[in-house]
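So the chains spell out like this:
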Amino acid sequence: MDIPVLRTQNPKAKPQSEAGLGFCKRFTDHMFIMEYNENDGWQNARIQPYGPLQIDPASPVLHYAQEIFEGMKAYRYEDGRIGLFRPMENAKRMNRSAERMCIPPLDPDIQLEAIKKIVEVEKDWVPKSKGTSLYLRPTIIAEGNTLGVHAAPRYIYFIICSPSGAYYEHGLAPIKIHIEPNYVRSVKGGTGGAKTGGNYACSLRAAEDAKKHGFDQVLWLDGKKNRYVEEVGAMNVAFIIDGKLITPSLSGSILAGITRDSVLQLARDKGIPVEERQISVYELLDAYKVGKLTEAFGTGTAAVISPIGEMVFKDQVMTLGNDIGPISQFMYDTLTGIQTGRIFDEHNWTMTLA
Ligand code: PLP
Ligand code: COI
């Protein structure tokens, strides 16, 4: 694929310091973009200066949330090279989300080429310090000019990039989680398994309320019985109970996280027993009361491994403490070690860019 590059005439100043980059607070100089229409399919791939998109105000993305996205990172190795982590998994998941949201699929090889090209153009923006990376946000939005509720005739795929540090302001410090008893994020047969904007929009009410009460995130329960643990707002969740790593199974209502899958593999490699199954909030409370719930952590591209220090369900508090548990720490060190080329990548997960 030929990807012409139109370079900016006004490059932005790069961050002076990589400490306190935060998550996606600034974007790089360029973006990848291509368009779809019914006659030509996906076409007109290019890299152009980062800037506003012009779309019709009647576009379905603006009214009916027909959109999907991915989240991935380009990592700086100690020797200065740059790598991607399981990028094909993101491309394949993008197409699974596309299928659910009636968006035309985009060949995973083309997605990968686009990702590699934008990282190559923005390579000087990939930060170097420990815990930092260039966050990449491939997105597809639906364009059109009628308000009927149907799949759009046109789409835009774009990738924007942001030099980022920790997702949570306090870095790797354990987070405080509100287990949501009333609102639900998704139901079986809904869109929870797709990475689509509406899932996040509908999570905001509970997340904002929880924030007012001092929580970092919401842990969602299933939409039918309000009983089984699903996932956290921007990550999957895992618990260490009686030495076993237990995580909710992929029922269709939660995102099939790539970090989740990697953590399961790393646990199996280390001989930690793994269970993917339904787990109720009452099982968590019981395990906590008898001292068997020893660790809980979130897994996600943005959040990496995010230890949970406290979980609150109604008036019941589970305190896991401010120290990072040994399995959470092992997962964080191993995953980030592989991602930055410090630890041997026996599963061939990383894709090193020249
Ligand atoms: N669950 C939700 C709702 C997410 O937004 C994310 C982030 O992408 C994840 C889970 C974790 O997925 P991954 O590990 O592929 O980043
Ligand atoms: C990611 O981890 O990449 C995500 O997409 C989570 C995001 C919604 C912040």
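Residues numbered from 1 in each chain as written. Chains lettered and ligands numbered in written order. Predicted model: local features only at pLDDT ≥ 70, side-chain atom pairs only at ≥ 80, totals over all residues. Heavy atoms only, no water.

With that out of the way, let us pick up the environment of K212. Here K212 is to be found in helix α5 (residues 204-212). Exposure remark for K212: the relative accessible area of 65% places this residue in the exposed category. For the pair formed by K212 and G198, sequence separation is 14 residues and the distance between their alpha carbons is 22 Å. (Helix = DSSP H or I, 4+ residues; strand = E, 2+ residues; numbered from the N terminus. Buried < 20%, exposed > 50% of the residue type's maximum accessible area, 1.4 Å probe, protein only.)

Our next topic: the nonpolar core. By size, the foremost hydrophobic cluster in this structure holds 35 residues, and its most contacted members are F32, V119, L136 and Y157. Elements with a minimum of two residues in this core: β1 (30-37), β2 (41-49), β4 (72-76), β5 (82-85), α2 (87-100), α3 (108-121), β6 (133-143) and β7 (154-164). Counting residues per element, this core draws most heavily on α3, which supplies six residues. Counting residues in each nonpolar core, the second largest holds 26 residues, with L219, V232, I279 and I308 among its members. (Core = buried A, V, L, I, M, F, W, Y, C linked by side-chain atoms within 4.5 Å.)

Counted under the stated rule, the structure contains eleven aromatic pairs. Seen from their ring centres, F27 and Y50 are 5.6 Å apart, and the 10° between their planes marks the pair as stacked. Of this pair, F27 sits in the segment before β1 while Y50 sits in the loop between β2 and α1 (60-64), and the two are 23 residues apart along the sequence. Residue F27 is classed as partly exposed on the basis of its relative accessible area of 22%. The interplanar angle of 75° and the centroid separation of 5.9 Å between the aromatic rings of F32 and Y157 together place this pair among those described as edge-to-face. One end of the pair, F32, is in strand β1; the other, Y157, is in strand β7, with 125 residues separating them in the sequence. Residue F32 shares its accessibility class with Y157, and that shared class is buried. Among the aromatic residues, those joined into a ring-pair cluster are F32, Y36, W42, Y155 and Y157. (Phe/Tyr/Trp six-rings, centres within 6.5 Å; stacked < 30°, edge-to-face > 60°.)

Counted at 1.5 Å a residue, the expected span for helix α6 (residues 258-270) with its 13 residues is 18 Å, and the 18 Å between its end C-alpha atoms agrees. Taken residue by residue, α6 has I258, T259, R260, S262, V263, L264, L266 and A267 as its buried positions. Just downstream of α6 lies G271, where phi reads positive at about 80°. (Expected span 1.5 Å × (residues − 1).)

Attention now goes to the packing of α2 against α3. It is at 9 Å that the axes of α2 and α3 come closest, and there the two elements cross at 125°. It follows from the interaxial angle that α2 and α3 lie oblique. Our pair here, α2 against α3, has a crossing hand that is right-handed. Within the contact between the two elements, α2 uses P87, M88, A91, M94 and N95 and α3 uses P108, D109, Q111 and L112. Here the contact of α2 with α3 is composed, by residue class, of six nonpolar, two polar and one charged. (Axes fitted to C-alpha atoms, helices over the stretch in contact; angles between N-to-C directions. Parallel < 35°, antiparallel > 145°, perpendicular 65-115°, else oblique. Left-handed = near helix turned anticlockwise from the far one by under 90°. Contact = heavy atoms within 4.5 Å. Nonpolar A, V, L, I, M, F, W, Y, C, P; charged D, E, K, R; others polar.)

What follows concerns the site of ligand 2. Around ligand 2 sit F23, F69, G71, Y135, R137, Y167, K195, Y200, A234, T301 and A302, and those are all the residues in its vicinity. K195 has a polar side-chain atom sitting 2.7 Å from an oxygen atom of ligand 2. Protein chains shield 91% of the accessible area of ligand 2, which is 280 Å² for the free molecule. By residue class, the composition of the shell around ligand 2 is seven nonpolar, two polar and two charged. (Near = heavy atom within 4 Å. Polar contact = N/O pair within 3.5 Å; in protein donor to acceptor, adjacent residues only side chain to side chain. Areas by Shrake-Rupley, 256 points an atom, 1.4 Å probe, with all protein chains shown as cover.)

Our focus in this paragraph is the site of ligand 1. In the vicinity of ligand 1, 16 residues are found, and the nearest of them are R93, Y200, E231, T259 and T301. The protein chains hide 97% of the 380 Å² of surface that ligand 1 would expose on its own. Among the secondary structure elements, those contributing two or more residues to the shell around ligand 1 are α6 and β14 (293-300).

Attention now moves to the state of the cysteines. Here the structure, examined in full by the defined rule, presents zero disulfides. With no disulfide of its own, C102 lies 19 Å from the sulfur of C202, the closest cysteine sulfur. (Disulfide = S-S within 2.5 Å.)

On to the packing of α6 against helix α8 (residues 326-339), then. The contact between α6 and α8 brings their axes to 11 Å, and the two run at 110°. In terms of orientation, α6 lies roughly perpendicular with respect to α8. Across the interface between the two elements, T259, S262, V263, L266, A267 and K270 of α6 pack against F330, M331, T334, L335 and I338 of α8. Looking at the contact of α6 with α8, its residues break down into seven nonpolar, three polar and one charged.

Our focus in this paragraph is helix α7 (residues 281-289). Listed in full, the buried residues belonging to α7 are V281, L284, L285 and A287. With its buried residues spanning 165° around the axis, α7 presents them on a single face. Immediately beyond the C-terminal end of α7, within one or two residues, lies G291, with a positive phi of roughly 80°. (Arc of directions from axis to C-beta.)

This brings us to the pattern of salt bridges. Within the structure shown, the criterion is met by 18 salt bridges. With a closest N to O distance of 3.9 Å, E78 and R342 form a salt bridge. Here E78, found in the loop between β4 and β5, pairs with R342, found in the loop between α8 and β17 (350-353); they are 264 residues apart in sequence, far enough to count as distant. When the shortest N-O distance is used, the salt bridge between R185 and E231 registers 3.0 Å. Residue R185 is located in the loop between β8 (175-179) and α4 (197-201), and its partner E231 is located in strand β10 (residues 229-232); the two are separated by 46 residues in the primary sequence. (Salt bridge = Lys/Arg side-chain N within 4 Å of Asp/Glu carboxyl O.)

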